Amino acid sequence: MNIAVVGTGYVGLVSGTCFAETGNHVICVDNNESKVESLQNGQLTIYEPGLELLFGRNTKEGRLTFTTDLEYAIKKSEIIFLALPTPPGEDGSADLSYVLGVAEQLGEMMDDYKVIVDKSTVPVGTAEKVTAAIAKKAKVDFDVVSNPEFLREGVAVDDFLKPDRVVIGTSSERAQKVMHRLYEPFVRQGNPIYFMDERSAEMTKYAANSYLATRITFMNEIANLCEIVGANVDMVRIGMGSDSRIGKRFLFPGVGYGGSCFPKDVQALAKTAKDNDYDFNILNSVMNVNNRQKHVLSEKIIKHFGGDLTGRTIALWGLAFKPNTDDIREAPAIYIIEDLLAAGATVTAYDPEAMENMRALFGDKVNFVEHRYDALKDASCLAIVTEWSIFRTPDFSYIAELMKEKVIFDGRNLYSLEDMEEIGFYYNSIGRNSIDKKKSKSKTLS
Ligand SMILES: NC(=O)C1=CN([C@@H]2O[C@H](COP(=O)(O)OP(=O)(O)OC[C@H]3O[C@@H](n4cnc5c(N)ncnc54)[C@H](O)[C@@H]3O)[C@@H](O)[C@H]2O)C=CC1
Ligand SMILES: O=C(O)[C@H]1O[C@H](OP(=O)(O)OP(=O)(O)OC[C@H]2O[C@@H](n3ccc(=O)[nH]c3=O)[C@H](O)[C@@H]2O)[C@H](O)[C@@H](O)[C@@H]1O
């Protein structure tokens with residue numbers, strides 16, 4: 001099949017590459033000229049594990065190409081995916097200007113029947129708006145389909161190639177057949193393709209993201225309470241998660257959820273509810289708790305050092321909003337760095353992939369280093385913010401030599417309390433007792 005993907009960011013580039021991998025001819029369109037130029041020159045514009053191999057193969061074999069010319073791509077394709085940004089507007093609602101802006105252009109450009117697929121995350125009712133925008137100038141038949149994307153950054157290629165399910169919202173039998181043919185190769189292991197109406201498909205996406213954000217937030221609250229009452233959230237998590245009604249995944253407490261999607265999608269769903277005079281209480285709490293959780297680690301650090309960090313170096317390990325990505329959109333690290341700088345600290349930081357993006361934000365206010373241990377020289381505290389694998393088993397004796405004070409604040413619960421007790425660090429994590437050898441040989445509350 002001939003496919004155009006409009007918007008070549010995290011979703012567009014991964015989707016386009018994976019559709020090419022199953023033998024389709026894919027033209028990716030973006031209005032960012034330098035992005036298109038890099039991709040045409042074989043340079044990936046995002047870090048996503050596994051993408052390089054597929055990108056290389058499919059560009060080499062001519063199935064995956066890049067252009068800024070929307071009209072050319074539209075005329076060549078029978079399926080047109082919209083993978084455009086839907087950032088939060090000032091009032092929290094999803095900004096549809098990118099999606100509707102392109103939709104208006106499509107009407108004029110289409111020269112034959114097309115299936116226009118909305119892959120961006122959009123509020124209920126958007127398929128109707130897209131249809132109306134295209135219809136203004138369209139002279140040919142077309143169908144608009146809602147096909148929300150559920151991939152996670154960092155494992156996007158795997159998620160796309162082997163989705164748990166594919167959700168397709170359409171009332172057109174013709175479009176349904178096209179979409180079924182397109183997605184069949186991705187569900188050969190028996191995972192379902194669910195066909196439903198457009199509004200339900202649009203709502204499914206927001207419901208899934210908001211539920212996951214709520215689940216994480218619930219665990220963050222449980223963790224905070226565990227810390228106060230002397231329970232260990234890791235044990236509680238295992239105890240809860242082994243109930244098959246609850247399940248083990250997405251129960252990890254931390255420094256708050258970040259990324260380009262959970263924060264904006266929870267906000268947008270709350271706004272949809274408000275616009276329809278429905279008070280979605282849980283979502284309002286989720287947003288409040290998550291905003292607070294992003295400051296939990298920095299507040300603990302500042303308190304530990306008596307409220308002022310002047311003259312102290314705090315080292316951060318991890319800047320991306322999660323491991324295996326260079327994405328720092330709404331990353332908890334941003335809030336933590338701001339708090340530490342405001343308290344007078346010198347901040348040093350290391351991340352395997354996200355330093356360039358964070359440097360663009362903080363410039364020389366933060367000392368970005370090339371190797372993880374370089375961040376620790378003369379530091380009074382190591383703060384773990386993102387759980388990259390490289391941070392899981394460091395050389396603690398070397399760390400002790402480098403640091404001025406043996407203090408670790410761990411926002412991702414990477415290390416065992418027993419190990420920390422043995423090596424004699426002050427160790428504070430999320431929802432577990434602190435280890436402080438100076439105060440007591442046994443575990444004490446922070
Ligand atoms: N990032 C993720 O993990 C996921 C994102 N989504 C949703 O997918 C949508 C896209 O998200 P991302 O890929 O993360 O965004 P992104 O910001 O990485 O990519 C969007 C791309 O669209 C391009 N663009 C903007 N206006 C354009 C225009 N008029 N013509 C052509 N290209 C244009 C931008 O230059 C950019 O390359 C959003 O609605 C998001 O909520 C859904 C699932 C996962
Ligand atoms: O709509 C989207 O864009 C995507 O949003 C999330 O994917 P993503 O944001 O890439 O990453 P997640 O793995 O979901 O993590 C989101 C945030 O939650 C945090 N998290 C996740 C899991 C957990 O147990 N605890 C926790 O704090 C992560 O650290 C991260 O900050 C969803 O998982 C995807 O299904 C969805 O397609």
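Residues numbered from 1 in each chain as written. Chains lettered and ligands numbered in written order. Predicted model: local features only at pLDDT ≥ 70, side-chain atom pairs only at ≥ 80, totals over all residues. Heavy atoms only, no water.

The next thing to look at is the site of ligand 1. Around ligand 1 lies a shell of 26 residues, among which Asp30, Lys35, Thr86, Glu153 and Lys264 are the nearest. Take Val11: an N or O atom from its main chain is 2.9 Å from an oxygen atom of ligand 1. Backbone polar atom of Leu84 to an oxygen atom of ligand 1: 3.5 Å apart, as the coordinates give it. In isolation ligand 1 exposes 830 Å². Once the protein is present, 88% of that is buried. Every element with two or more residues in the shell around ligand 1 is listed here: helix 1 (10-21) and helix 5 (97-109). A class-by-class count of the residues in the shell around ligand 1 yields 10 nonpolar, 9 polar and 7 charged. In terms of domain composition, the shell around ligand 1 takes at least three residues from each of domain 1 (2-196) and domain 2 (205-293). (Near = heavy atom within 4 Å. Polar contact = N/O pair within 3.5 Å; in protein donor to acceptor, adjacent residues only side chain to side chain. Areas by Shrake-Rupley, 256 points an atom, 1.4 Å probe, with all protein chains shown as cover. Helix = DSSP H or I, 4+ residues; strand = E, 2+ residues; numbered from the N terminus. Nonpolar A, V, L, I, M, F, W, Y, C, P; charged D, E, K, R; others polar. Domains from an automatic or database assignment.)

The next thing to look at is the sheet that holds strand 9 (residues 313-317). Overall, parallel pairing links the 6 strands, which are arranged 11-10-9-12-13-14 in an open sheet. Each edge of the open sheet is held by one strand with a lone partner, namely strand 11 (366-368) and strand 14 (426-428). For this sheet, the mean inter-axis angle between neighbouring strands, taken without regard to orientation, is 20°. Pairing of strand 9 with strand 12 (residues 381-384) involves 4 bridges; the strand directions are parallel. When the sheet's bridge partners are listed, Ile314 is paired in strand 12 with Cys381. Contacts from helix 13 (residues 296-304) reach strand 9, strand 12, strand 13 (407-410) and strand 14, with the element oriented near 155° to strand 13. (Pairing = 2+ DSSP bridges. Axes fitted to C-alpha atoms, helices over the stretch in contact; angles between N-to-C directions. Contact = heavy atoms within 4.5 Å.)

Now for the nonpolar core. Ranked by internal contacts, the top residues of the largest apolar core, which has 65 residues, are Ile301, Leu316, Trp317 and Leu319. Element by element, the count of residues in this core is highest for helix 14 (residues 332-342), at 5 residues. Val36, Phe55, Leu151 and Val157 belong to the second-largest nonpolar core, a separate cluster that totals 39 residues. (Core = buried A, V, L, I, M, F, W, Y, C linked by side-chain atoms within 4.5 Å. Buried < 20%, exposed > 50% of the residue type's maximum accessible area, 1.4 Å probe, protein only.)

Moving on to the packing of aromatic side chains. For the coordinates displayed, the defined rule picks out 18 aromatic pairs. Relative to Phe262, the ring of Tyr257 has its centre 5.9 Å away and its plane inclined at 85°; by these criteria the two rings are edge-to-face. In this structure Tyr257 comes out as buried when scored by relative accessible area, which is 6%. For Phe262, a relative accessible area of 14% gives the class buried. A connected cluster of aromatic rings, assembled from ring pairs, spans Phe19, Phe81, Phe160, Tyr183 and Phe186. The aromatic ring of Tyr113 is capped on one face by Arg174, whose charged end is 3.4 Å from the ring centroid. (Phe/Tyr/Trp six-rings, centres within 6.5 Å; stacked < 30°, edge-to-face > 60°. Lys NZ or Arg CZ within 6 Å of the ring centre and 35° of its normal.)

Along the chain, the position of Lys271 falls in helix 11 (residues 262-275). Classification of Lys271 as buried rests on a relative accessible area of 15%. Sequence separation of Lys271 and Val5 is 266 residues, and the distance between their C-alpha atoms is 28 Å. When residues no more than four places from it in sequence are discounted, the contact partners of Lys271 are Asp91, Gly92 and Ser93.

Turning next to the pairing of strand 10 (residues 346-350). Within strand 10, 4 of the 5 residues are buried, which leaves the element mostly enclosed by the surrounding structure. You can see the chain leave strand 9, run along helix 14 and come back into strand 10, and the turn it takes is right-handed. As paired strands, strand 10 and strand 11 are joined by 3 bridges and run parallel to one another. Residue pairing across strands places Val347 opposite Val366, the latter belonging to strand 11. Handedness of the strand 10-helix 15 (residues 355-362)-strand 11 crossover: right-handed. (Right-handed = clockwise from strand over helix to strand, strands pointing away.)

The immediate surroundings of ligand 2 are formed by 18 residues, with Phe150, Leu151, Lys205, Phe252 and Cys261 found nearest. Between an oxygen atom of ligand 2 and a main-chain N or O atom of Phe150, the distance comes to 2.7 Å. Contact with the protein chains covers 90% of the free accessible surface of ligand 2, which is 700 Å². Considering each element in turn, the shell around ligand 2 owes the most residues, 3 residues, to helix 9 (residues 198-229). The residue makeup of the shell around ligand 2, split by class, is 10 nonpolar, 2 polar and 6 charged.

By a widely used convention, the size of an interface equals the accessible area lost when the partners come together. For the protein, the domain assignment lists domain 1 (2-196), domain 2 (205-293) and domain 3 (296-428). Each partner contributes to the interface: domain 2 provides 14 residues, whereas domain 3 provides 15 residues. Roughly 1000 Å² is buried in total at the junction of domain 2 and domain 3, and carbon and sulfur atoms are behind 53% of that figure. On the domain 2 side of the interface with domain 3, the three residues burying the most area are Val255, Gly259 and Ser260, jointly 43% of the side's total. Here domain 2 is connected to domain 3 by 1 salt bridge. Glu227 serves as the salt-bridge partner of Lys300, at 2.8 Å between the closest nitrogen and oxygen. Linking domain 2 with domain 3 are 6 residue pairs in polar contact (both at pLDDT 80 or more), by the criterion used here. Taken together, the elements giving at least two residues each to the side of domain 2 that touches domain 3 come down to helix 10 (233-241) and helix 12 (281-293). Looking at the side of domain 2 that touches domain 3 residue by residue, the class counts come to 4 nonpolar, 7 polar and 3 charged. (Buried area = accessible area lost by both parts, 1.4 Å probe. Salt bridge = Lys/Arg side-chain N within 4 Å of Asp/Glu carboxyl O.)

All chains considered together, the criterion is met by 0 disulfides. For Cys18, which is in no disulfide, the shortest distance to another cysteine sulfur is to Cys28 and amounts to 11 Å. Judged by relative accessible area, which is 0%, Cys18 ranks as buried. (Disulfide = S-S within 2.5 Å.)

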